[in-house]
Amino acid sequence: MSNFPNRRRQLITYGAAALGGSLFLPGCGGGSDDETIGTQLDERKNLMNLAESKPELSVFVEAVNACGLRGTLEASGTNTVFAFTNDGFTAFLGETGRSKDQVFADKATLTVILRFHILGKVQFTEAIVEGHAIEPIGGGFFKIDKENNVFKATDGRNRVCTLVGTDSVALNGALHTIDRVMLPANKDIVVTCDETPQVDICVQAIAAAGLTETLKQPGPVTFFCPTDAAFTAVFIELNITLQVFLADAALCRRIMTCHMVPARKFKKEFQTDAAVATVQGSTIRVNASFQVIDVRGRVCNLTQADVLNTNGVVHVCDKVILPAA
């Protein structure tokens, strides 16, 4: 059904859901196209039935039933499901070192995982805004990008999966098939930075500025995390040493809050060249090449962008952002 004309696909999806599974198309003549649509509509299933019709999703279906989520996928209204394949679930077992029985025995965790795969709206791939946050019904967020004409989803733990089947139309929404179990984030910004290579000075600066607890709060926050090389360069630029910098809590805080935006912003979510206020009060701009320009006109490259975490997103950068002189 992914080759349906867009307007008719939406009519079938939303109209059928609104009318409890039946759809009357007024003004349809006896043309073959309308007859085909009518026949295919008669064969439509709700999301649960649609998943059950796909053998490669049998474990996903079993998990949904085990966690009492069947009603969610059968209900009228609209949802989107990203259903992991059996092979994807097997890979998840290998990744976690757990058996299927162990995973299913922990229904609370399995329910959280499944709800991370369900959106409370219809989301066909044609309407996906690449690199923007997608928020499932269970909370958290992930994103989808397109690489070489293939859709890739990045989950809350920065694991990437491929959409191997897209845009299956159900009476109450859309179903996509993915080759991996997606997981919600389990690390905050501070832990994320602490586990990122070659940003040790940034972690020390966060602590010296008294921002550790702030960056552990729910947020959301976007944090630009300079590399150690970036700090080494700025110390030369400001004619200070690491020791002097870390000992000056006020200076540390003034500079480090320049790296904090009080909103979650993936790199593609910044409006090109628009001023963005930082927690410090100064502004930054992000250009069309996804470079950050501070108020002094200094240009910073993102060496690792869109690192997801529980309370926002981290962008590793190659220059320390400074406030006005």
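If you're wondering where the values come from, they're calculated on a predicted model, not measured in any experiment. (Residues numbered from 1 in each chain as written. Predicted model: local features only at pLDDT ≥ 70, side-chain atom pairs only at ≥ 80, totals over all residues. Heavy atoms only, no water.)

Caption draft 1: Looking closely at the packing of aromatic side chains. Considering all chains together, one arrives at 11 aromatic pairs under this definition. For the pair phenylalanine 84 and phenylalanine 89, a centre-to-centre distance of 6.0 Å together with 20° between the ring planes defines the contact as stacked. Each member of the pair phenylalanine 84 and phenylalanine 89 is classed as buried. A centroid spacing of 5.4 Å and a plane angle of 50° characterise the contact between phenylalanine 235 and phenylalanine 245, whose relative ring orientation is tilted. (Phe/Tyr/Trp six-rings, centres within 6.5 Å; stacked < 30°, edge-to-face > 60°. Buried < 20%, exposed > 50% of the residue type's maximum accessible area, 1.4 Å probe, protein only.)

Caption draft 2: Region of interest: the sheet that holds strand E10 (residues 276–277). Strand order in the open sheet formed by four strands is E10-E11-E12-E13, and the pairing between neighbours is antiparallel. Because the sheet does not close on itself, it has two edges, and the strands there are E10 and strand E13 (299–300). Note that strand E12 (residues 292–293) and E13 share two bridges and pair antiparallel. Across the sheet, the residue bridging to isoleucine 293 is valine 299, located in E13. (Pairing = 2+ DSSP bridges. Helix = DSSP H or I, 4+ residues; strand = E, 2+ residues; numbered from the N terminus.)

Caption draft 3: Fine view of helix H10 (residues 200–208). Buried residues of H10: Ile201, Cys202, Ala205 and Ile206, and no others. The arc enclosing the buried residues of H10, seen along the axis, measures out at 145°, which places them on a common side. For H10, the elements touching its buried residues are strand E8 (221–226), helix H11 (228–238), helix H12 (242–247) and helix H13 (249–256). Within two residues after H10, glycine 210 carries a phi angle of roughly 70°, on the positive side. (Arc of directions from axis to C-beta. Contact = heavy atoms within 4.5 Å.)

Caption draft 4: Just the pattern of salt bridges, in detail. Counted by the stated rule, this structure contains 16 salt bridges. Across the pair arginine 98 and aspartate 106 runs a salt bridge, and its minimum N-O distance is 4.0 Å. The exposure class assigned to arginine 98 is partly exposed, which follows from its relative accessible area of 32%. With a shortest N-O distance of 2.6 Å, lysine 187 and glutamate 195 are connected by a salt bridge. (Salt bridge = Lys/Arg side-chain N within 4 Å of Asp/Glu carboxyl O.)

Caption draft 5: Representation of the packing of H10 against H11 in the model. Across the interface, H10 lies against H11 with an axial gap of 7 Å and an inter-helix angle of 70°. Here H11 runs roughly perpendicular to H10, going by the angle between their axes. Contacts from Asp200, Ile201, Cys202 and Ala205 of H10 reach H11 at Asp228, Phe231 and Phe235. Taken together, the residues of the contact of H10 with H11 break down into five nonpolar, no polar and two charged. (Axes fitted to C-alpha atoms, helices over the stretch in contact; angles between N-to-C directions. Parallel < 35°, antiparallel > 145°, perpendicular 65-115°, else oblique. Nonpolar A, V, L, I, M, F, W, Y, C, P; charged D, E, K, R; others polar.)

Caption draft 6: Representation of the sheet that holds strand E4 (residues 142–147) within the structure. Read across the sheet, seven strands follow the order E2-E1-E7-E6-E5-E4-E3 without closing on themselves; strand pairing throughout is mixed. The open sheet is flanked by strand E2 (118–119) and strand E3 (133–134), the only strands paired with a single partner. Two strands pair when backbone bridges link them, and E4 and strand E5 (residues 150–154) are joined in this way by five bridges, in the antiparallel orientation. Bridging across to E5, lysine 146 finds its partner in phenylalanine 151.

Caption draft 7: Spotlight on the pairing of strand E11 (residues 283–286). Residues of E11 alternate between two faces, with Ile284 and Val286 buried on one and Thr283 and Arg285 left unburied on the opposite face. Where E10 lies against E11, two bridges are found, and the strand directions are antiparallel. Counterpart to valine 276 in the pairing with E11 is isoleucine 284. Bridge analysis of E11 against E12 gives two bridges, and the strand direction is antiparallel. The partner of valine 286 across the bridge, within E12, is valine 292. With antiparallel pairing between neighbouring strands as the criterion, E11 and E12 make up a hairpin whose turn holds five residues, including phenylalanine 290 at a positive phi of roughly 65°.

Caption draft 8: Main features of the side chain of asparagine 287. As for its placement among the helices and strands, asparagine 287 is situated in the loop between E11 and E12. The class for asparagine 287 is buried, based on a relative accessible area of 16%. At a separation of 2.9 Å, a polar atom in the side chain of asparagine 287 contacts the main-chain amide nitrogen of glutamine 291. Sequence-distant contacts of asparagine 287, defined by excluding residues within four places in its chain, comprise Thr272, Asp273 and Ile293. (Polar contact = N/O pair within 3.5 Å; in protein donor to acceptor, adjacent residues only side chain to side chain.)

Caption draft 9: Seen up close, the state of the cysteines. Overall, the coordinates contain zero disulfides when judged by the stated rule. Looking at cysteine 317, it has no disulfide partner, and the nearest cysteine sulfur is the one in cysteine 300, 3.8 Å off. For cysteine 317, a relative accessible area of 0% translates into the label buried. (Disulfide = S-S within 2.5 Å.)

Caption draft 10: Summary view of the pairing of strand E7 (residues 173–178). With six of six residues buried, E7 is to be regarded as a mostly interior element. Sheet topology note: the strand E1 (residues 79–84)/E7 ladder contains six bridges and is parallel. Each residue of the ladder has a partner; that of valine 81, found in E7, is leucine 175. Of the pairings in the sheet, the one linking strand E6 (residues 160–170) to E7 comprises five bridges and is antiparallel in character. Counterpart to serine 168 in the pairing with E7 is leucine 175. The hairpin turn running from E6 into E7, its antiparallel successor, is two residues long.

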